Amino acid sequence: MATTVLIGAQWGDEGKGKIIDVLTEGVDWVVRAQGGNNAGHTVEVGEERFVLHLVPSGILHEGKRCVIGNGVVIDPVALVEEIQGIVERGFPVRGRLFISDRAHVVFPYHRMLDAQGEARRAKGEQIGTTQRGIGPTYSDKAARFGLRMADLRDPAFPELLRARVAEKNRVLEAVGAPVVDAEEVLASTKKALETLCPLVCDTIPMLHQALANGESILFEGAQGIMLDIDFGTYPFVTSSNACSGGAATGSGVPPNRMDRVVGVLKAYTTRVGEGPFPTELFDAQGEELRRAGREFGATTGRPRRCGWFDAVVARHAVMTCGVDEWALTKLDVLDGFDTLRLCVAYELDGRRIDYFPANIREVERCVPIYEDWPGWPADSTRGATRFEDLPAAARRYIARIEELTATPVGILSVGPRRSETIFREAAP
Ligand code: GDP
Ligand code: IMO
Ligand code: MG
């Protein structure tokens, strides 16, 4: 397949980084197309653990080329830090990492406005953002007040930045927050540009040339469908399109060039930050999922909320993203549970529904309708390298997920390492 779009099919942190890393083996390019350093994608290589925020996870494979596309919002100082860390650990980026000149830039005032916005929201309306300035940067993009990587290289940049800082300082002052020093921002950005400038280019013809050469591209989604600004639990979402469509608008590769969509799905559900989560567990089983799955944020370290698998959410991803196959991750975390619950539909005000409502207050009233399935408490999925090696109860659990979502599981992950992955040759 020339182009594969990989998306998160829940609330993020599904294990996209790991799956991208194993799929990178078979492709030439890995492209990020939305989000920013709110993302935290973990890849384990041997005994080493990497957490990537802006740089595509494909960078850890020698010879593969990576693009940060126009749809991504880039904090230049954070990106330089990340690049330095990667280079220090033995992965060169020169000639392998390219940054779109159309990508919008996150400045310190965006981060401050992010924090201020959260602090000033009424109780119950806080989003629990990563405070990386993502929302305010996308807001500026939509308001046509943003600056892009191309502007940073322009002689007019200092003036463009000063004008924006003056405007943002008026807002910060009005809410009693500390203001930003334009000259300091200018200096730190110029310093970051020493590293970034050689990597900035028009990545659109570059990707089209790659396709014309018969090369293959893997799009690395960030966040997940339930955090998508259109299809997620609005307003408790991020500010970009985490759906498969975001891969096209965020890269300049059009929808009719996308060949396959892989949805990454955790064998249970997690969410970090605020907002409704119908299958959330508040009991010892939720604690057990958090412990066994090491569910703590890769970006902010916050404990992730945990709950049972939700087929309503997975079907929503299939519908909005056109998922061709699942990569089902963290199956090993369910080792040891006596009984597993699968949410098949919701009860809303006494009615059974099988879709995800738009109205957030309705979502809050949704009560999951569960099916109970036997676990495999005496058995383990760890170390399995073939589907047939999995405990029979695990295979039944997977088959039920396939049935409920009408989508096959093509890839299975039973541990964070590359080797702990099962590819199913002939998915049903
Ligand atoms: P992403 O944001 O979707 O890339 O996911 P994160 O990296 O934020 O969180 C996924 C976490 O689960 C990371 O710590 C991974 O190393 C880990 N992980 C990924 N796949 C598996 C798996 O199959 N089993 C286990 N136990 N851990 C996994
Ligand atoms: P990856 O790519 C999980 C959540 C935040 C918050 C909401 C808005 O690692 O799956 P933002 O900072 O984007 O304005 O925060 O979205 N969030 C994520 N949750 N995984 C992520 O990325 C996330 N990126 C943002 O916790 O609830
Ligand atoms: Mg993550």
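None of the values given here were measured: they were computed from a predicted structure.

J.: Is there a simple way to think about the domain arrangement of the protein in this case?
T.: Reports often express the size of an interface as the amount of accessible area lost when the parts come together. You can read the domains of the protein as domain 1 (3-100 + 199-260), domain 2 (104-195) and domain 3 (265-423). Facing 6 residues of domain 2, the contacting portion of domain 3 comprises 5 residues. Summed over both partners, the interface of domain 2 with domain 3 buries about 370 Å², with 48% contributed by carbon and sulfur atoms. When residues of domain 2 are sorted by the area they lose upon contact with domain 3, Gly128, Thr130 and Arg132 head the list and together hold 68% of the total. Here domain 2 is connected to domain 3 by 0 salt bridges. Put simply, domain 2 and domain 3 have 3 residue pairs in polar contact (both at pLDDT 80 or more) between them. Its residues assigned to classes, the side of domain 2 that touches domain 3 comprises 1 nonpolar, 4 polar and 1 charged.

J.: Could you clarify how one ought to interpret the site of ligand 1 in this entry?
T.: Lining the immediate surroundings of ligand 1 are 19 residues, of which Lys16, Gly17, Thr42, Asp332 and Ser413 lie closest. Separating an oxygen atom of ligand 1 from a backbone N or O atom of Lys16 is a distance of 2.7 Å. Protein burial of ligand 1: of its 590 Å² of free accessible surface, 94% is covered by the chains. Sorting the residues of the shell around ligand 1 by element identifies α1 (16-24) and β3 (41-45) as the ones contributing at least two each. It is α1 that provides the largest number of residues to the shell around ligand 1, a total of 3 residues. The residue inventory of the shell around ligand 1, partitioned by class, reads 4 nonpolar, 7 polar and 8 charged.

J.: What's the story with the coordination of the magnesium ion (ligand 3) in this structure? I'm lost.
T.: Six octahedrally arranged donors around a metal ideally form angles of 90 or 180 degrees; four tetrahedrally arranged donors ideally form angles of 109.5 degrees. Around the magnesium ion (ligand 3), the protein supplies Asp13 (OD) and Gly40 (O) as donor atoms, at distances of 2.0 to 2.2 Å. With Asp13 in the loop between β1 (3-8) and α1 and Gly40 in the loop between β2 (29-32) and β3, the pair connects residues that are 27 residues apart, well separated along the chain.

J.: Just checking my understanding: could you explain the site of ligand 2 for this structure?
T.: Around ligand 2 sit 20 residues in total, of which Lys16, His41, Thr130, Gln223 and Thr238 are the nearest. With respect to ligand 2, the side chain of Lys16 contributes an N or O atom lying 2.6 Å from an oxygen atom. Taking Val272, its main chain carries an N or O atom lying 3.1 Å from an oxygen atom of ligand 2. Against a free-state accessible area of 550 Å², the protein chains account for coverage of 98% of ligand 2.

J.: How should I be thinking about unusual backbone geometry in this particular structure?
T.: Excluding glycine, residues mostly carry a negative phi; peptide bonds, for their part, are mostly trans. Going from Tyr234 to Pro235, the amide bond is cis rather than trans, its omega being 5 degrees. Mapped onto the fold, Pro235 is located in the loop between β10 (217-220) and α9 (245-249). Positive phi is not limited to glycine here, since Asp13 has a value of about 60 degrees. The phi dihedral of Gln223 falls on the positive side, at around 60 degrees, and the residue is not glycine. Residue position: Gln223 is located in the loop between β10 and α9.

J.: What is the right way to look at the packing of helix α6 (residues 157-174) against helix α7 (residues 182-196) in this model?
T.: Two numbers describe a pair of packed helices, the interaxial angle and the distance between the axes. Orientation of α6 relative to α7, taken along the N-to-C sense of each, is 135 degrees, at an axis distance of 10 Å. In terms of orientation, α6 and α7 fall into the oblique class. Relative to α7, the crossing made by α6 is right-handed. For the pair α6 and α7, contact is made by Phe157, Pro158, Leu161, Arg162 and Val165 and by Ala182, Glu183, Val185, Leu186, Thr189 and Lys190, respectively. By residue class, the composition of the contact of α6 with α7 is 7 nonpolar, 1 polar and 3 charged.

J.: Help me out: how do you make sense of helix α13 (residues 392-405) in this one?
T.: Each turn of an α-helix holds 3.6 residues, which means side chains three or four residues apart point in the same direction. Between its first and last C-alpha atoms α13 spans 20 Å; for 14 residues at 1.5 Å apiece the expected length is 20 Å, and the two agree. Within the sequence span of α13, burial applies to Ala393, Ala394, Tyr397, Ile398, Arg400, Ile401, Glu402, Leu404 and Thr405. At the exit of α13 stands Ala406, carrying a positive phi of roughly 50 degrees.

J.: What am I meant to see in the nonpolar core here?
T.: It is characteristic of soluble globular proteins that their nonpolar side chains tend to be buried jointly. Counting residues in hydrophobic clusters, the biggest one holds 71 residues, and the most contacted among them are Trp326, Leu328, Leu331, Leu390, Tyr397 and Leu412. No fewer than three residues from each of domain 1 (3-100 + 199-260) and domain 3 (265-423) sit in this core. Residues within four places of Leu328 in sequence aside, it is in contact with Leu265, Lys266, Ala267, Ile398, Ile401, Val409, Ile411, Leu412 and Ser413. Ranked by size, the runner-up nonpolar core spans 52 residues in total, among them Ile19, Leu79, Phe157 and Leu218.

J.: Would you explain the environment of Val367 in this entry?
T.: As for its position among the elements, Val367 is in strand β18 (residues 367-374). The spatial distance from the C-alpha of Val367 to the C-alpha of Leu340 is 17 Å, given a sequence separation of 27 residues. Those residues within four positions of Val367 in sequence are excluded, and the remaining contacts are Ala345, Tyr346 and Glu347.

Calculation rules
- Residues numbered from 1 in each chain as written.
- Chains lettered and ligands numbered in written order.
- Predicted model: local features only at pLDDT ≥ 70, side-chain atom pairs only at ≥ 80, totals over all residues.
- Heavy atoms only, no water.
- Domains from an automatic or database assignment.
- Contact = heavy atoms within 4.5 Å.
- Buried area = accessible area lost by both parts, 1.4 Å probe.
- Salt bridge = Lys/Arg side-chain N within 4 Å of Asp/Glu carboxyl O.
- Polar contact = N/O pair within 3.5 Å; in protein donor to acceptor, adjacent residues only side chain to side chain.
- Nonpolar A, V, L, I, M, F, W, Y, C, P; charged D, E, K, R; others polar.
- Near = heavy atom within 4 Å.
- Areas by Shrake-Rupley, 256 points an atom, 1.4 Å probe, with all protein chains shown as cover.
- Helix = DSSP H or I, 4+ residues; strand = E, 2+ residues; numbered from the N terminus.
- Donors = N, O, S within 2.8 Å, 3.2 Å for Na, K, Ca; no water.
- Axes fitted to C-alpha atoms, helices over the stretch in contact; angles between N-to-C directions.
- Parallel < 35°, antiparallel > 145°, perpendicular 65-115°, else oblique.
- Left-handed = near helix turned anticlockwise from the far one by under 90°.
- Expected span 1.5 Å × (residues − 1).
- Buried < 20%, exposed > 50% of the residue type's maximum accessible area, 1.4 Å probe, protein only.
- Core = buried A, V, L, I, M, F, W, Y, C linked by side-chain atoms within 4.5 Å.

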